[in-house]
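Fold and contact review
Residues per chain are reported as follows:
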Amino acid sequence: MIDLSLKDDKLVLASIEKLRAKGNINDLPAILDYLIAPSKPEIEKALYNFIFDIKDAKATEPIIAAIQNEKYLPIQKKLIEMCWQSSLKFANHIDLFVDLLIKSDFEIAFEALTVIENMEESLDPKSKEQEMSKLKNAIPTVNEDRKGWLHEAFHIIEQAAE
């Protein structure tokens, strides 16, 4: 278990590097809690590097849960950014990213669109249909600057493999 409360930053950073090498996600909740209000920039950077490097597919669910949890709103943008920068697969959560694209502020919506653009895995035909319908229905209700993004997401999902 990682101890982020240690007084010696070098020990904390060494602990993060060990964790990064092992790729263990058991410490993810403690890491996310620390990142809400980080006290040291170098530790914050190391923790984000750890999260961005996670390869364990089991990390997908806790990351999605954190994105949806109001507690983690201060780091939501970074978590969504991690979704498109990592090698983890998030196609099973396309609905979340479409919702964020439609309903969130500019920065969150942009990150959600980037996740959709970078999805390389196949989409379930039913999910494709539902999300395309959701986007099509939302287009007339959003600001002009958002309409282009919704059209783009619609076409990406439409062309995604099943």
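Each remark here, short or long, concerns the structure printed above.
Below you will find a few notes about this structure.

Time to look at the overall build of the protein. Helix and strand content of the protein: 9 helices and 0 strands. Taking the principal axes of its C-alpha atoms as reference, the protein extends roughly 55 × 30 × 20 Å. Sequence-distant contacts, at least 24 apart, represent 70% of the contacts inside the protein between residues at least 6 apart. Total accessible area on the protein is roughly 9000 Å²; 50% of this is exposed by carbon and sulfur atoms. Within the protein, one finds 20 positive and 29 negative side-chain charges whose respective centroids are separated by 4 Å.

The biggest cluster of nonpolar side chains holds 59 residues, and the ones touching the most others in it are Phe97 and Leu101. Not counting chain neighbours up to four residues away, the residues in contact with Phe97 comprise Ile64, Ile80, Cys83, Phe90, Ala112, Val115, Ile116 and Met119.

Quick look at the packing of helix H6 (residues 94-103) against helix H7 (residues 106-118) now. At a minimum axis distance of 8 Å, the contact between H6 and H7 shows a crossing angle of 145°. As for how H6 packs across H7, the hand of that crossing is left-handed. Touching Ile94, Phe97, Val98, Leu100 and Leu101 of H6 are Ile108, Ala109, Ala112, Leu113, Val115 and Ile116, all from H7. The residue inventory of the contact of H6 with H7, partitioned by class, reads 11 nonpolar, no polar and no charged.

Below, the discussion takes up the packing of aromatic side chains. As enumerated under the stated definition, the model contains 4 aromatic pairs in all. Pairing Phe106 with Trp149 gives two aromatic rings, centres 5.0 Å apart and planes at 40°, and the pair type is tilted. Linking Phe106 in helix H7 with Trp149 in helix H9 (residues 144-159), this pair joins segments that are 43 residues apart in sequence. Judged by relative accessible area, which is 14%, Trp149 ranks as buried. Ring geometry for Phe110 and Trp149: centres 5.7 Å apart, planes at 50°, overall tilted. In this pair, Phe110 is assigned in helix H7 and Trp149 in helix H9, connecting sequence segments 39 residues apart. Judged by its relative accessible area of 40%, Phe110 is partly exposed. Grouped by ring-pair contacts, the aromatic residues Phe106, Phe110 and Trp149 constitute a single cluster. Directly above the ring of Tyr48 sits Lys78, whose terminal nitrogen or CZ lies 5.1 Å from the centroid.

About the cut-offs
- Residues numbered from 1 in each chain as written.
- Predicted model: local features only at pLDDT ≥ 70, side-chain atom pairs only at ≥ 80, totals over all residues.
- Heavy atoms only, no water.
- Helix = DSSP H or I, 4+ residues; strand = E, 2+ residues; numbered from the N terminus.
- Contact = heavy atoms within 4.5 Å.
- Areas by Shrake-Rupley, 256 points an atom, 1.4 Å probe, with all protein chains shown as cover.
- Lys, Arg positive; Asp, Glu negative; His and termini not counted.
- Charge placed at Lys NZ, Arg CZ, Asp CG, Glu CD.
- Core = buried A, V, L, I, M, F, W, Y, C linked by side-chain atoms within 4.5 Å.
- Buried < 20%, exposed > 50% of the residue type's maximum accessible area, 1.4 Å probe, protein only.
- Axes fitted to C-alpha atoms, helices over the stretch in contact; angles between N-to-C directions.
- Left-handed = near helix turned anticlockwise from the far one by under 90°.
- Nonpolar A, V, L, I, M, F, W, Y, C, P; charged D, E, K, R; others polar.
- Phe/Tyr/Trp six-rings, centres within 6.5 Å; stacked < 30°, edge-to-face > 60°.
- Lys NZ or Arg CZ within 6 Å of the ring centre and 35° of its normal.

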